[in-house]
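Below are the chains, spelled out letter by letter.
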Amino acid sequence: NERSKSEINNPDVARNALARCNLIIGFHPDQAAGEIADFAMARNIPWCIVPCCVYSDLFPRRRLSNGFNVKSYEQLIQWLLEKDPSANVCSLDLEGRSKVVYTLP
């Protein structure tokens, strides 16, 4: 039964599931942090991302509004905030990387 699975491997099933979303969440999404925000913003739905790793070598074109490359965790948080003027940030009560960048409906 496809509904009982937690992993989706079929691209059509994935597209259908994403088309019905009212909120996009990324918890330590690694390289997908920016794409999660972009996907949600393109569909005008709220998003919530708890980023972890920066992967600056894989994303050399990520730049802050001041022109600096995104190389640190704090810069990644700022970069996500700069993607959407309505974005906010707060800290979760967790150990480790626990800042959440989010938008509201």
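Structure first, text after, so check above.
Residues numbered from 1 in each chain as written. Predicted model: local features only at pLDDT ≥ 70, side-chain atom pairs only at ≥ 80, totals over all residues. Heavy atoms only, no water.

Enquirer: Pulling in residues and values, what's your account of a nonpolar patch on the surface?
Expert: Where nonpolar side chains cluster on the molecular surface, the patch consists of Phe-27, Leu-92 and Leu-94 and spans about 280 Å² of accessible area. Judged by relative accessible area, which is 33%, Leu-92 ranks as partly exposed. (Patch = residues over 30% accessible without salt bridge, like charges linked within 9 Å, V, L, I, M, F, W, Y side chains within 5 Å. Areas by Shrake-Rupley, 256 points an atom, 1.4 Å probe, with all protein chains shown as cover. Salt bridge = Lys/Arg side-chain N within 4 Å of Asp/Glu carboxyl O. Buried < 20%, exposed > 50% of the residue type's maximum accessible area, 1.4 Å probe, protein only.)

Enquirer: Can you tell me about the nonpolar core, naming the residues and giving the values?
Expert: Of all hydrophobic cores here, the largest spans 19 residues; its most connected members are Trp-47, Ile-49, Val-70, Leu-76, Trp-79, Leu-80 and Val-101. Counting residues per element, the ones that place at least two in this core are α2 (33-42), β2 (47-50) and α3 (73-83). Examining the composition of this core, we find that six residues originate from one element, α3, more than from any other. (Core = buried A, V, L, I, M, F, W, Y, C linked by side-chain atoms within 4.5 Å. Helix = DSSP H or I, 4+ residues; strand = E, 2+ residues; numbered from the N terminus.)

Enquirer: So what's going on with the pairing of β2? Which residues, and what values?
Expert: Walk down a regular strand and you will see the side chains alternate between the two sheet faces. Pairing of strand β1 (residues 24-27) with β2 involves four bridges; the strand directions are parallel. Note that in β2 the partner of Ile-24 across the bridge is Trp-47. In this fold, β1 hands off to α2, which returns the chain to β2; that crossover is right-handed. Sheet topology note: the β2/strand β4 (residues 99-102) ladder contains two bridges and is antiparallel. Bridging across to β4, Cys-48 finds its partner in Tyr-102. (Pairing = 2+ DSSP bridges. Right-handed = clockwise from strand over helix to strand, strands pointing away.)

Enquirer: How would you sum up the packing of α2 against α3? Please name residues and give values.
Expert: Across the interface, α2 lies against α3 with an axial gap of 10 Å and an inter-helix angle of 15 degrees. The pairing of α2 with α3 is recorded here as roughly parallel in orientation. Crossing handedness for the pair α2 and α3: right-handed. Residues Ala-33, Gly-34, Ala-37, Asp-38 and Met-41 of α2 form the contact with α3, whose own contacting residues are Trp-79, Leu-80 and Lys-83. (Axes fitted to C-alpha atoms, helices over the stretch in contact; angles between N-to-C directions. Parallel < 35°, antiparallel > 145°, perpendicular 65-115°, else oblique. Left-handed = near helix turned anticlockwise from the far one by under 90°. Contact = heavy atoms within 4.5 Å.)

Enquirer: I'd like a rundown of unusual backbone geometry, residues and numbers included.
Expert: A positive phi angle, near 55 degrees, is found at Asp-30, a position not held by glycine. In this fold, Asp-30 is placed in the loop between β1 and α2. Residue classification places Asp-30 among the partly exposed residues on the basis of a relative accessible area of 32%.

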